[in-house]
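These are the residues of each chain, in order.
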Amino acid sequence: MVPMDPERPNNRKRIAVLASGRGSNFQAVIDAIASGEIPAVCVGLVTDNPGAYAIERAKAAGIPATVVEYARFPTKAAYEEALLEAMRGCRADLFVLAGYMRILGAGIVHEFSGRMMNIHPALLPAFAGLHAQRQAIEYGVKVAGCTVHLVDEGTDTGPIVVQRCVPVLPDDDESTLAERILAEEHQALPLAVKLFCEDRLEVAGRRVRIR
Ligand code: GAR
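What comes next concerns the included structure. (Residues numbered from 1 in each chain as written. Predicted model: local features only at pLDDT ≥ 70, side-chain atom pairs only at ≥ 80, totals over all residues. Heavy atoms only, no water.)

### Observations concerning the side chain of K13
In this structure, K13 sits in strand β1 (residues 13-18). Residue K13 is classed as buried on the basis of its relative accessible area of 16%. At a separation of 3.1 Å, a polar atom in the side chain of K13 contacts the side chain of D199. Those residues in contact with K13 that sit more than four places away from it in its chain are P39, A40, V41, D93, F196, C197 and D199. (Helix = DSSP H or I, 4+ residues; strand = E, 2+ residues; numbered from the N terminus. Buried < 20%, exposed > 50% of the residue type's maximum accessible area, 1.4 Å probe, protein only. Polar contact = N/O pair within 3.5 Å; in protein donor to acceptor, adjacent residues only side chain to side chain. Contact = heavy atoms within 4.5 Å.)

### Structural notes on the packing of helix α1 (residues 24-34) against helix α6 (residues 174-197)
The interhelical angle for the contact between α1 and α6, taken along N-to-C directions, is 50°, at an axis separation of 9 Å. Taken together, the axis directions place α1 and α6 in an arrangement best described as oblique. The interaxial crossing formed by α1 with α6 has right-handed handedness. The segment α1 lies against α6, with S24, N25, A28, V29 and A32 engaging L182, E185, H186, L189, P190 and V193. Its residues assigned to classes, the contact of α1 with α6 comprises 7 nonpolar, 3 polar and 1 charged. (Axes fitted to C-alpha atoms, helices over the stretch in contact; angles between N-to-C directions. Parallel < 35°, antiparallel > 145°, perpendicular 65-115°, else oblique. Left-handed = near helix turned anticlockwise from the far one by under 90°. Nonpolar A, V, L, I, M, F, W, Y, C, P; charged D, E, K, R; others polar.)

### What about the site of the ligand?
Lining the immediate surroundings of the ligand are R22, G23, S24, N25, G99, M101, I119, H120, P121, L182 and E185. At a separation of 2.5 Å, an oxygen atom of the ligand approaches a polar side-chain atom of R22. A distance of 2.7 Å separates an oxygen atom of the ligand from a polar side-chain atom of E185. Relative to its unbound accessible surface of 450 Å², the ligand loses 89% to contact with the protein. Contributions of two or more residues to the shell around the ligand are made by α1, β5 (116-120) and α6. Considering only residue class, the shell around the ligand consists of 4 nonpolar, 5 polar and 2 charged. (Near = heavy atom within 4 Å. Areas by Shrake-Rupley, 256 points an atom, 1.4 Å probe, with all protein chains shown as cover.)

### What to know about the sheet that holds β1
Pairing within the open sheet is mixed, and its 7 strands lie in the order β3-β2-β1-β4-β5-β6-β7. Each end of this open sheet is capped by a strand with a single partner; those strands are β3 (65-67) and β7 (160-167). For this sheet, the mean inter-axis angle between neighbouring strands, taken without regard to orientation, is 20°. The pairing of β5 with strand β6 (residues 143-150) spans 4 bridges and is classified as antiparallel. Directly across from M117, in β6, lies its bridge partner L150. Contacting β2 (40-47) and β3, helix α2 (residues 54-61) crosses the sheet at an angle of about 145° to β2. (Pairing = 2+ DSSP bridges.)

### Side note on the pairing of β1
Within β1, 6 of the 6 residues are buried, leaving the element largely enclosed by the surrounding structure. Burial of the side chains of β1 extends over both faces: K13, I15 and V17 are buried on one face and R14, A16 and L18 on the other. As judged from the 6 bridges shared by β1 and β2, these two strands associate in the parallel manner. Of the residues in β2, the one forming a bridge with I15 is C42. Here β1 runs beside strand β4 (residues 94-97); their pairing, made up of 4 bridges, is parallel.

### Digging into the environment of P121
The topology assignment puts P121 in the loop between β5 and α5 (132-139). The spacing of P121 and R22 is 99 residues in sequence and 15 Å in space, taken between C-alpha atoms. Residue contacts for P121: discarding those within four places in its chain leaves A132, Q133, G145, C146, I181 and E185.

Written out as structure tokens, the structure reads:
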């Protein structure tokens, strides 16, 4: 018999979340863990923003929150060193970027390669970077959506795990489109986390096969 890992009761994965703001995607993951949909335990929230509402959500769910406030560090390198320490302290199998609004340095990306995923409010590779929904409206696309992808060194360029799409309606503005996409994000992110936690993702180059 394989001995039980005390940090992973019932073989559940340890996941940690990075979020900078509202945290509605974080909440979707918390809820999917609570309902048994995702076989994981959420071991921590790490945020760069002491005012993030995600911290309240962590408190309500009994998840330890660590604030690594960007503004308190003299350089980006010093910030990233502290962030890396906080992340290591989680001893997580998977890090979920759920509205984490900074680009991670190469050191962090390498250390957690293959076990860090990000949600982006666009159908990548279209509209990477900031204000994806505004970019979609301005470009005039008829279909938009969201993407969950593994994190590599580029901005929103890693292998794609899950995508979901929504129509862009004639009267949409950035906020109505963002709202429609967000509802899909709340499905896509828990699904991608679940697939990871069930060891069902097989990555071959850019392509992610779901077992
Ligand atoms: C979400 O729409 C997420 O896709 C986006 O920020 C929002 C966070 O909302 N992330 C990015 O744009 C990352 N480039 P939430 O805090 O309510 O989850």
